Amino acid sequence: MSVASLWAKTKTKAVQTKQMVNVKLGRAEETVDNTFEEERAKFNDHYTKLKKLREDGRRVVKALTELSAAQMALFEDFLTLYPQDATAHANVTKGREASSSAEAARMVFEQNMTKDFIDPLTVYNGQFEELKKRMDVRSTRKIDMDRYKFDLKNHQAKNNPKAGVTEEKFQKAAHSYDLLNTELRNDMPALYEDRGSFLEPLYSVYTKSLYQYYEASQISMQMASQMVREVSPGSLSSKLRVITPDANSWAYQGGTGNERGSGPDHPSATGSESGYSPSNNYAPSSPPPNESVLPPSHMTGTVMGVCDFDWILSRIDISIYFKVPPPATT
């Protein structure tokens, strides 16, 4: 771009900005076409919904992709956890094969949606983008027409000899504006009214593709589900724990006294303060029947002297070491 053309463009932009300021300040009139504005509002609303339709279509494709990946991963998790010689391992293998078939159906769905839904919708929406560009051109032409009209009135009021040239510019700008304005007033409703003939096959593509995907997935998973039809989900709620109960666990008896009080020697299990009855004022309490007098370390073969002192202290009633005087009598 030459310096002269750049300067002319900058100058035009400046006078257009001046015209917009004069309109804002109420110094100049603005051409208003109410019919055009009504059609533009409808146009913008319809275009916003079409863009959302395209994005939601992409979301469905993405969601099914993530779902399929998660399903495959879950079958792999089961395979890594099941013993390979277990009957259920073969069942899970069949389930993974069914999930692979469902993934193949999903890939077909994605291809159909991309080729016959998203791509045509993108092309169709391109018409809206083109009309928006033409609306911008119309806005510029309207500003030029209005500023020439404004200048013409001023020149005519002052008998300015430039009035003749300005009038020619005004007539040219008005003609250019009218042609494009009329075109847009025809194209916007035509595009809006065309929505039915476009959306019907688009909807057909979506529903048929989705049905084919679910149908193929249902057939695959139905074969896998037949292998576990005798397994009752209710068995999960009645599944018993296989580890040592808390009330019998050595993790909760003895120690420093800060452990959770649910072991066999805790008052909640024995019903007494210590669980034992002291034989005298200074001796450790006796163990319950059938319980070894040795701490757990000795019962597991640990060398004498490496004792579990927490275990020993738990079996001593320390209250007997403190003499509490009887209450005073009056």
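Residues numbered from 1 in each chain as written. Predicted model: local features only at pLDDT ≥ 70, side-chain atom pairs only at ≥ 80, totals over all residues. Heavy atoms only, no water.

Enquirer: Sorry if this is basic, but what is going on with the overall build of the chain here?
Expert: Within the chain one finds eight helices and zero strands. Tracing the chain from N to C terminus, the helices and strands come up as α-α-α-α-α-α-α-α. A burial count over the chain gives 26% of its 330 residues as buried. Counting only contacts in the chain whose residues sit at least 6 apart along the sequence, the fraction spanning at least 24 positions is 69%. A total of about 22600 Å² of accessible surface is found on the chain, and carbon and sulfur atoms cover 58% of it. (Helix = DSSP H or I, 4+ residues; strand = E, 2+ residues; numbered from the N terminus. Buried < 20%, exposed > 50% of the residue type's maximum accessible area, 1.4 Å probe, protein only. Contact = heavy atoms within 4.5 Å. Areas by Shrake-Rupley, 256 points an atom, 1.4 Å probe, with all protein chains shown as cover.)

Enquirer: Hey, could you run me through the side chain of Arg138 in this one?
Expert: By the secondary structure assignment, Arg138 is in helix α3 (residues 87–157). No salt bridge is formed by the buried Arg138, whose closest oppositely charged neighbour, Glu37, lies at an N-O distance of 4.5 Å. Apart from the residues within four sequence positions on either side, Arg138 is in contact with Asp33, Phe36, Tyr177, Leu180, Asn181 and Leu184. (Lys, Arg positive; Asp, Glu negative; His and termini not counted. Salt bridge = Lys/Arg side-chain N within 4 Å of Asp/Glu carboxyl O.)

Enquirer: Explain the environment of His155 here, please?
Expert: When you line up the elements, His155 lands in helix α3. Along the backbone, His155 and Thr166 are 11 residues apart, and their C-alpha atoms lie at a distance of 8.3 Å. Residues in contact with His155, not counting those within four places in the same chain, are Asn160, Lys162, Ala163 and Thr166.

Enquirer: So what exactly am I meant to see when it comes to unusual backbone geometry here?
Expert: Both trends apply: most residues other than glycine have a negative phi, and most peptide bonds are in trans. Its identity as a non-glycine residue notwithstanding, Asn159 has a phi of 50°, on the positive side. Relative to the helices and strands, Asn159 resides in the loop between α3 and α4 (163–193).

Enquirer: What's the story with the environment of Lys13 in this structure? I'm lost.
Expert: With respect to the helices, strands and loops of the structure, Lys13 is situated in helix α1 (residues 3–24). Spatially, the C-alpha atom of Lys13 lies 9.7 Å from that of Thr140, the residues being 127 residues apart in sequence.

Enquirer: Help me understand the nonpolar core, please; the structure alone is not making it clear to me.
Expert: Where a protein is soluble and globular, its nonpolar side chains tend to be buried together. Formed by 25 residues in total, the largest nonpolar core has its most connected members in Phe43, Phe109, Phe117 and Phe128. Mapped onto this core, the elements with two or more residues apiece are α2 (34–81), α3, α4 and α5 (195–225). Within the second largest apolar cluster, eight residues are counted, among which are Met145, Leu152, Ala163 and Tyr177. (Core = buried A, V, L, I, M, F, W, Y, C linked by side-chain atoms within 4.5 Å.)

Enquirer: Would you take a moment to explain the packing of aromatic side chains for this structure?
Expert: Applying the stated rule across the entire model yields nine aromatic pairs. Relative to Tyr206, the ring of Phe117 lies with its centre 6.3 Å away and its plane at 50°, an arrangement referred to as tilted. Here Phe117 is found in helix α3, whereas its partner Tyr206 is found in helix α5, with 89 residues between them in sequence. Members of the aromatic cluster, each reached through a chain of ring pairs, are Phe43, Tyr47, Tyr124, Phe128 and Phe198. Sitting above the plane of the Tyr192 ring, Lys42 keeps its charged end 5.0 Å from the centroid. Across the ring face of Tyr47, the terminal group of Lys51 is positioned such that the distance to the ring centre comes to 4.6 Å. (Phe/Tyr/Trp six-rings, centres within 6.5 Å; stacked < 30°, edge-to-face > 60°. Lys NZ or Arg CZ within 6 Å of the ring centre and 35° of its normal.)

Enquirer: Honestly, the side chain of Ser217 in this entry has me stumped. Any pointers?
Expert: Position of Ser217 relative to the elements: it lies in helix α5. For Ser217, a relative accessible area of 11% translates into the label buried. Side-chain polar atoms of Ser217 contact the backbone oxygen of Tyr213, separated by 2.9 Å. (Polar contact = N/O pair within 3.5 Å; in protein donor to acceptor, adjacent residues only side chain to side chain.)

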